[in-house]
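Architecture and fold: a report
Single-letter residue listing:
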Amino acid sequence: MSTENLPQSPEQPPRKPRVAVVFGGRSSEHGISVVTAGAVLKAIDRNKYDVLPIGITQDGRWALTADEPERMAITDRRTPSVDQLAESAEGGVVLPVDPASREVVYSEPGSVPKALGEVDVVFPVLHGPYGEDGTLQGLLELSGVPYVGSGVLASAVGQDKEYMKRVFTSFGLEVGPYLVIRPREWRQDESAARRRIVDFAGEHGWPLFVKPARAGSSIGITKVDDLSGLDEAIAEAQRHDPKVLVEAALRGREIECGVLEFEDGPRASVPAEIPPPDAHAYYDFEAKYIDSTPGIVPAPLTEEETAEVRRLAVEAFEAASCEGLVRADFFLTEDGEFVINEINTMPGFTPISMYPQMWQATGIGYPELVDRLVQAALRRSTGLR
């Protein structure tokens, strides 16, 4: 029997790519990650993508959360949390571990697990350990799910400031003087470790900056003006990371530059300058996120200085094998040299954060920036590349 005259079923419209925005996490930067997620959820094009918000609580539970960006803002100088947004206090989201399936499942105690559908790409907006440091990236590689941002190695290098500096030095990038105190060294002989820091100060002068080696958002950092504040600064850094980084103060201007991956490779944004905040000793967490100290975009640099810092930002991106995006932070010293301080493989990404502001000034607005990052992730495969 011929089927030519039978009614044809209408073709199903193509499914929109599904983006899981994963945020929160176990680090001390949990709240800022939630704020970042709110901005991304608000900006992402819902006509182009289906969106699944997944929050990770501070104790590590993966929670299905409300898709309500307006609840993810800083209120009364306090950052939000995933626990405030979770649809259940006990339910959990499970990503697939089989690369042949991208089905996400949600389960609650005493209930039948519920399939939430397939995920095509993950947008991980976690900051700090257990998310930005290669751990989540490794899980996604095992699952075969594409994701926004750098891979395992680059994420780990970007999180550990000691090895970041070692990589940059090996590629000929200038870094400032620093010293690392490892946890075993501190446990075995605090006095000897303290003497190393004092000798370092004798060589490079006070003040020193004492910080967690593997944290961000300026959390746990103390500017130490003399020996009397050293022990308290070390204790504060160790609250966030047992490995402590000590840096000499560099006198100069703070310059930042964004890098974004295009189809033909990474490109740098116009740079920004972070002026010394009036109410803070340096550009700390409160200056960045609570008081929102404004940066200067574009930075008042010469054409030659602007070209040089953009070149160095891309060079740092390539040196650490980064993908997707990076914010590179520099000091422009009094003798006119750029010294790289660090990179962030998942920088602050709220609309008032410097990374989106720099790209806005370069001609790419926030929604387009989000779209470009998702598209870059969809173009990439997982695995060795």
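For clarity, every value in this text was computed on a predicted model and none was experimentally measured. (Residues numbered from 1 in each chain as written. Predicted model: local features only at pLDDT ≥ 70, side-chain atom pairs only at ≥ 80, totals over all residues. Heavy atoms only, no water.)

1. Details of the overall build of the protein
Stated precisely, the cut-off is as follows: Think of it this way: any DSSP run of H or I at least four residues long counts as a helix, any run of E at least two long counts as a strand, and we number them from the N terminus. A radius of gyration in this sense is built from C-alpha atoms; the matching globule rule multiplies 2.2 Å by the number of residues raised to 0.38. For the exposure calls, accessible area comes from a 1.4 Å probe over protein chains only, and a residue counts as buried if that area is under 20% of its type's maximum, exposed if over 50%, partly exposed in between. The criterion used for residue contact is that any of the two residues' heavy atoms lie within 4.5 Å. Note on areas: these come from Shrake-Rupley sampling with a 1.4 Å probe, and a residue is covered only by the protein chains present in the view.
Regarding its fold elements, the protein presents 12 helices and 16 strands. Radius of gyration (C-alpha) of the protein: 22 Å, near the 21 Å computed for a compact globule of 385 residues. Reported as C-alpha extents along the three principal axes, the dimensions of the protein are approximately 95 × 55 × 40 Å. Residue burial in the protein is summarised as follows: out of 385 residues, 55% are buried. Counting contacts in the protein only where the partners sit at least 6 residues apart, residues at least 24 apart contribute 65% of the total. Looking at the protein as shown, the accessible area adds up to about 17800 Å², and 49% of this sits on carbon and sulfur atoms.

2. So, the UniProt feature "binding site: Mg(2+) 1" (unreviewed entry) in the protein
Worth spelling out the cut-off: UniProt positions are given in the numbering used here, feature names are shortened, and annotations may be inferred rather than shown by experiment. N or O atoms within 3.5 Å of each other form a polar contact, as long as, within protein, one can give a hydrogen and the other can take it, and as long as residues adjacent in sequence are counted only when both atoms are side-chain atoms.
As annotated by UniProt and renumbered to match this structure, "binding site: Mg(2+) 1" (unreviewed entry) occupies Asp329 and Glu342. Relative to the helices and strands, Asp329 resides in strand β15 (residues 325-333). Look past the residues within four positions of Asp329 in its chain and what remains in contact with it is Ile255, Glu256, Val339, Ile340, Asn341, Glu342 and Asn344. Polar contacts involving the side chain of Asp329 include one to the side chain of Arg327, which spans 2.9 Å.

3. What to know about the packing of helix α4 (residues 152-159) against helix α5 (residues 161-170)
Spelled out, the test is: Angles run from 0 to 180 degrees between N-to-C directions of axes, and those axes are lines fitted to C-alpha atoms, restricted for helices to the stretch in contact. Roughly parallel here means an angle under 35 degrees, roughly antiparallel means over 145, roughly perpendicular means 65 to 115, and every remaining angle is called oblique. Think of it as three bins: nonpolar holds Ala, Val, Leu, Ile, Met, Phe, Trp, Tyr, Cys and Pro, charged holds Asp, Glu, Lys and Arg, and polar takes everything else, Gly as well.
Orientation of α4 relative to α5, taken along the N-to-C sense of each, is 110 degrees, at an axis distance of 5 Å. The angle between the axes of α4 and α5 places the two elements in the roughly perpendicular class. Every residue of α5 that contacts α4 at Val157, Gly158 and Gln159 is listed here: Lys161, Tyr163, Met164 and Val167. Across the contact of α4 with α5, the residue classes break down as four nonpolar, two polar and one charged.

4. Brief notes about the UniProt feature "active site" (unreviewed entry) in the protein
UniProt's feature table lists "active site" (unreviewed entry) at Glu29, Ser217 and Ser353, given in the numbering used throughout. The residue Ser353 is located in the loop between β16 (338-344) and α11 (354-362) in this model. Given the relative accessible area of 8%, Ser353 is considered buried.

5. Topic: the domain arrangement of the protein
Formally: The start and end points of each domain follow an automatic or database-based domain assignment.
You can read the domains of the protein as domain 1 (18-147), domain 2 (158-175 + 251-378) and domain 3 (178-248). For domain 2 and domain 3, the distance between their C-alpha centroids amounts to 25 Å.

6. Focus: the sheet that holds strand β8 (residues 178-181)
Rule in force here: Strand pairing is assigned whenever DSSP detects at least two bridges linking the two strands.
Read from one edge to the other, the open sheet built from four strands follows the order β8-β11-β9-β10, with strand pairing classed as antiparallel. In the strand order of this sheet, the two ends are held by β8 and β10 (222-224), each with one partner. For this sheet, the mean angle separating the axes of adjacent strands, direction not counted, is 25 degrees. The pairing of strand β9 (residues 208-212) with strand β11 (residues 244-248) spans five bridges and is antiparallel. Bridge pairing links Pro212 to Val244 in β11. Packing against the sheet, α5 makes contact with β8, β9 and β11, and its axis sits at approximately 140 degrees to β8. Of the strands in this sheet, β8, β9 and β11 are in contact with helix α7 (residues 190-204), which crosses β8 at around 175 degrees.

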